[in-house]
Amino acid sequence: MANPNLINVSSVLAANAGFNLTATATATLITVAAEKLVKINRITVANVDGTNSATFDLFVDGLGTGTGGGSTGVATTGADATVYIAKTVAVPADTSLVVVDTPIYLMEGDILKGGASAASDLDLFVSFEILDDA
């Protein structure tokens, strides 16, 4: 299912996931299974530390098998397998930030990864839909 026909999916399931980001910048957050497509609707990050600012990274790994190399009808040149959505973005203490508010798709095999400069300072919330092509 490198690039599913959205008209022919067998189900569309709403989902949310929340993460307290660790200091590991490459922690796996969401992995898209075979025969699935994930439409991310919104990603927000909140700094739950009342005193200190923290930075975060968020990126998609595996684009060579998904968006970068598996889209029917589109040829990409020089597409990277790892692409950042946000890189070293500062979130001041006691504030929230909208990271994504326009839908993006993760194809099968894509992995959403990320982390923070300080463990337990940032909460990440992802609202998405899982489209099943099975």
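Residues numbered from 1 in each chain as written. Predicted model: local features only at pLDDT ≥ 70, side-chain atom pairs only at ≥ 80, totals over all residues. Heavy atoms only, no water.

Chemist: Describe the sheet that holds strand 8 (residues 111-116), with residues and values.
Modeler: Sheet architecture is open: 4 strands sit in the order 2-8-4-5, paired in antiparallel fashion. Taken across any chain shown, the strands that pair with only one partner, and hence form the sheet edges, are strand 2 (27-31) and strand 5 (82-91). Shown here is a sheet whose adjacent strand axes are inclined to one another by a mean of 20°, direction ignored. Relative to strand 5, strand 4 (residues 54-61) runs antiparallel, the two sharing 7 bridges. Looking at strand 5, one finds that Ala54 is bridged to Val91. (Pairing = 2+ DSSP bridges. Helix = DSSP H or I, 4+ residues; strand = E, 2+ residues; numbered from the N terminus. Axes fitted to C-alpha atoms, helices over the stretch in contact; angles between N-to-C directions.)

Chemist: How would you summarise the pattern of salt bridges if you had to cite specific residues and measurements?
Modeler: What the rule picks out here adds up to 3 salt bridges. Here Asp132 makes a salt bridge to Lys36, at a shortest N to O gap of 3.0 Å. Placement of the pair is Asp132 in strand 9 (residues 122-132) and Lys36 in strand 3 (residues 36-47), with a sequence separation of 96 residues. On the basis of relative accessibility, which here comes to 15%, the residue Asp132 falls in the buried class. A relative accessible area of 22% places Lys36 in the partly exposed class. (Salt bridge = Lys/Arg side-chain N within 4 Å of Asp/Glu carboxyl O. Buried < 20%, exposed > 50% of the residue type's maximum accessible area, 1.4 Å probe, protein only.)

Chemist: Got a sec to walk through the packing of aromatic side chains? Specific residues and values, please.
Modeler: By the definition in use, this model includes 1 aromatic pair. For the ring pair Phe59 and Tyr84, a centre distance of 4.9 Å and an interplane angle of 40° mean the geometry is tilted. Of the two residues, Phe59 is situated in strand 4 and Tyr84 in strand 5; the sequence distance between them amounts to 25 residues. The exposure class assigned to Phe59 is buried, which follows from its relative accessible area of 5%. A residue is classified by how much of its surface remains accessible, and Tyr84, at 40% relative accessible area, is partly exposed. (Phe/Tyr/Trp six-rings, centres within 6.5 Å; stacked < 30°, edge-to-face > 60°.)

Chemist: Run through the pairing of strand 3, naming residues and quoting values.
Modeler: The sheet contact formed by strand 3 and strand 9 spans 11 bridges and is antiparallel. Across the sheet, residue Lys36 finds its bridge partner in strand 9, namely Asp132. Inspection of the sheet shows strand 3 paired to strand 7 (residues 104-106) by 3 bridges, in the antiparallel sense. Looking at strand 7, one finds that Val38 is bridged to Leu106. Bridge count between strand 3 and strand 6 (residues 96-100): 4 bridges; the pairing is antiparallel. Within strand 6, the residue paired with Ile43 across the bridge is Val100.

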